[in-house]
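Descriptive analysis of the structure
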Amino acid sequence: MTTAVPLGYPIHTQTLANGLRVIVNPDHAVPFVAVNLWYDVGSRDEEPGRTGLAHLFEHVMFQGSANVASGEHFNTLQASGATGNATTWFDRTNYFEAVPAGVLDLALWLEADRMANLLPALTQENLDTQREVVKEEKRQRYDNAPYGDTIDHLLALAFPPDHPYGHTVIGSMTDLDAASLADTHAFFTTWYSPGNAVLTLVGDVTAEEGFAKAQAYFGGLPSRDVPERAAVEPLAPHTGVPRSVTSAPVPADMLYLQWLTPPRGTRAADAVDIALSVLGATEVSRLYRRLVRDDASCSGAGSSSVPLVRGNSLSLAYARALDGQDLAAIEEALCAEVARLCAGGPTEAELQRAHIQFEREWLAECARLESRAALFSGYATMFGDPERVNRRIVEYGSIGADEVREAAATWLRPENRAVLEYRRGPMGPEQW
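Below you will find a few notes about this structure.

Focus on the sheet that holds strand 4 (residues 83-88)
Strands sit in the order 1-2-6-3-5-4 across an open sheet of six strands; the sheet is mixed. Every other strand in the sheet has two partners, leaving strand 1 (12-15) and strand 4 as the edge strands with one partner each. Geometrically, the sheet is characterised by an average inter-axis angle of 15° between neighbouring strands, direction not taken into account. Where strand 4 and strand 5 (residues 93-100) come together, six bridges link them in antiparallel fashion.

Below you can see the structure in the form of structure tokens.
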């Protein structure tokens, strides 16, 4: 285990009367401020038949408001030397800017204005335009990209269709086409409110200034009740090795093993993450050494996770086969390496490498104002504890080899895997 110490970023928090949670982390090294606004809504919150709305709003929120013309949000920020963007995930939607300190008021006004006044600009024409933008994005990133639909197949193996995580973030284009203007207005009204958001300011601003500005721009926005979400119960591990086979004109055959593992934010999830790091995070990890260097059957191999907050996350081990290699033999080798880790756990060198790699990546994220602000917003939104950002290295580093072995043996047993075979060939899935 490492001898990591907690980080010491000062974190000041306040909740406005309308429910908006505000976090300020002063850092006067450079005259910039990162503005980060997380809404506690993602694709998990979409109703059956109405998928894709959370991601659609990532686009719609930049198309104007009652007071800002379409496209002027970006243009105004860029003209002031600022940058901005947004992302959507299963568990959240995130809007962010990095602005010169003198432009902070403008950025906050723009964010508060679209939270309060988006709907007058969300016309049928705007909706139709952004629908087409999302459909083109899906064609480029999913439909016409090699292995672009892998996540569709993995989610189908993991979750029932009506599960909150049972569909992709970009959603179904059929559902998106069917969404009416009333549907989109209702989605915004339900989820885009002060009480369902966290605003974080990191950079050249004091706590007093940050809270005063948040109150000035957001304090007058009306509060709205946020619907209570039903609990998402953890699913039982896979049994019987569910398997999906699909084909497309891709460069090489790919094999994915998948497990249902603990939700993000738990100690068990961290232990599984270390196990995955030992298996396949780098080119000195077990899967790469076995399949690429020793067996010479694959051009690449590794492991990773799809971290999810409620019920289960997904853990993956994968390999990219060389021409003429048998996927069944590769699967056997993958399972053998996973079983070996389940039985013996990591070596001390492997454990230390995983701890050091996590620490390096975490410190790199915290060093940048924009990503540090996202971490504070995220930990406040998902776990109600932005201070945990300062403790994460210690939490992760406190997990020992025996705990990793136990987590692997509990969650990554080969007999509890599901399998996706992605073969080179014509288009078309076959479910077994």
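Thoughts on the nonpolar core
Membership of the largest hydrophobic core comes to 54 residues, with the highest contact counts inside it found for Leu257, Ile274, Leu291, Ile330, Leu334, Trp362 and Leu412. Per-element accounting of this core gives the leading share, eight residues, to helix 11 (residues 327-344). Among all residues touching Leu412, those that are not within four sequence positions of it are Trp259, Thr261, Val272, Ala275, Leu276, Leu279, Ser315, Val338, Cys342 and Ala407. The next biggest cluster of nonpolar side chains, apart from the first, holds 51 residues, and it includes Val103, Leu108, Ile170 and Leu221.

Some points on the side chain of His59
Inspection of the secondary structure puts His59 in helix 1 (residues 53-60). Judged by relative accessible area, which is 15%, His59 ranks as buried. A polar contact is formed between the side chain of His59 and the side chain of His55, at a distance of 3.4 Å. If near-sequence neighbours (up to four positions away) are discounted, His59 is found in contact with Gln130, Val133, Val134 and Glu137.

Points about the pairing of strand 6 (residues 197-203)
The buried count for strand 6 comes to seven of seven residues, which makes it a mostly enclosed element. Pairing of strand 2 (residues 21-26) with strand 6 involves six bridges; the strand directions are parallel. Following the sheet pairing, Val22 is matched in strand 6 by Leu199. Sheet topology note: the strand 3 (residues 32-39)/strand 6 ladder contains seven bridges and is antiparallel. Along strand 6, the bridge assignment pairs Val33 with Gly203.

Description of the layout of surface pockets
Put simply, the largest pocket is a space of about 1,100 Å³. At eight residues, helix 13 (residues 369-383) tops the list of elements feeding residues into the lining of the largest pocket. Residue composition of the lining of the largest pocket, grouped by class: 18 nonpolar, 15 polar and nine charged. A volume near 360 Å³ is recorded for the second largest pocket. Taken together, 17 residues make up the lining of the second largest pocket; nearest its centre are Asp45, Glu46, Glu47, Phe187 and Trp191. For the lining of the second largest pocket, the leading source of residues is helix 7 (residues 181-191), giving five residues. In the lining of the second largest pocket, the residues fall into eight nonpolar, one polar and eight charged.

Let's talk about helix 12 (residues 348-367)
Between its first and last C-alpha atoms helix 12 spans 28 Å; for 20 residues at 1.5 Å apiece the expected length is 28 Å, and the two agree. Burial in helix 12 covers these residues: Glu350, Leu351, Ala354, His355, Gln357, Phe358, Trp362 and Cys366. Considered in projection along helix 12, the buried side chains sweep an arc of 160° and stay on one side of the axis. Turned more than 90 degrees away from the buried face of helix 12, the exposed residues are Glu348, Arg360 and Ala367. Residues of helix 12 that are buried make contact with helix 9 (267-280), helix 10 (286-294), helix 13, helix 14 (388-397) and helix 15 (401-411).

Side note on the packing of aromatic side chains
Enumeration according to the criterion identifies 18 aromatic pairs in this entry. Ring geometry for Phe57 versus Phe188: centroids 5.9 Å apart, planes at 25°, classification stacked. Linking Phe57 in helix 1 with Phe188 in helix 7, this pair joins segments that are 131 residues apart in sequence. Here Phe57 matches Phe188 in class, with each residue buried. Arranged with centres 4.8 Å apart and planes meeting at 85°, the rings of Trp89 and Phe90 form a pair that is edge-to-face. Overall, Trp89 belongs to the partly exposed group, its relative accessible area being 27%. Put simply, the rings of Tyr39, Phe57, Phe62, Phe74, Tyr95, Phe187, Phe188 and Tyr192 pair up and form one aromatic cluster. Across the ring face of Phe383, the terminal group of Arg388 is positioned such that the distance to the ring centre comes to 5.1 Å. In this structure, Arg392 packs its charged tip against the face of Trp362, placed 5.8 Å from the ring centre.

Section: the pairing of strand 5
Looking down a regular strand, the side chains alternate between one sheet face and the other. For strand 5, a buried count of seven out of eight residues is recorded, marking the element as mostly surrounded by other parts of the structure. Alignment of strand 3 against strand 5, held across eight bridges, turns out to be antiparallel. Across the sheet, the residue bridging to Val33 is Val99, located in strand 5. In sequence, strand 4 turns back onto strand 5 through a hairpin of four residues.

Focus: empty space enclosed by the protein
Under the definition given, this model contains three cavities of 30 Å³ or more. Taken as a whole, the largest cavity spans an internal volume of roughly 80 Å³. In terms of lining, the largest cavity is formed by Ser277, Val278, Ala281, Thr282, Val284, Ser285, Arg289, Glu350, Arg353, Ala354 and Gln357. Going through the elements one at a time, helix 9 and helix 12 are the ones with two or more residues in the lining of the largest cavity. Counting residues per element, the lining of the largest cavity draws most heavily on helix 12, which supplies four residues. Of the residues belonging to the lining of the largest cavity, the class tally is four nonpolar, four polar and three charged. Within this model, the second largest cavity holds a volume of roughly 40 Å³. What lines the second largest cavity is simply Met61, Gly64, Ser65, Val68, His73, Leu110, Asp113 and Arg114. Among the elements that make up the lining of the second largest cavity, the one with the highest residue count is helix 3 (residues 104-117) (three residues). Across the lining of the second largest cavity, the residue classes tally to three nonpolar, three polar and two charged.

Cut-offs used in this document
Residues numbered from 1 in each chain as written. Predicted model: local features only at pLDDT ≥ 70, side-chain atom pairs only at ≥ 80, totals over all residues. Heavy atoms only, no water. Pairing = 2+ DSSP bridges. Helix = DSSP H or I, 4+ residues; strand = E, 2+ residues; numbered from the N terminus. Axes fitted to C-alpha atoms, helices over the stretch in contact; angles between N-to-C directions. Core = buried A, V, L, I, M, F, W, Y, C linked by side-chain atoms within 4.5 Å. Buried < 20%, exposed > 50% of the residue type's maximum accessible area, 1.4 Å probe, protein only. Contact = heavy atoms within 4.5 Å. Polar contact = N/O pair within 3.5 Å; in protein donor to acceptor, adjacent residues only side chain to side chain. 1 Å grid on protein atoms, 1.4 Å probe; cavity = no way out; pocket = protein on both sides within 12 Å on 5 of 7 lines; lining within 4 Å. Points joined across faces, edges and corners; volume = space filled by probe spheres on them. Nonpolar A, V, L, I, M, F, W, Y, C, P; charged D, E, K, R; others polar. Expected span 1.5 Å × (residues − 1). Arc of directions from axis to C-beta. Phe/Tyr/Trp six-rings, centres within 6.5 Å; stacked < 30°, edge-to-face > 60°. Lys NZ or Arg CZ within 6 Å of the ring centre and 35° of its normal.

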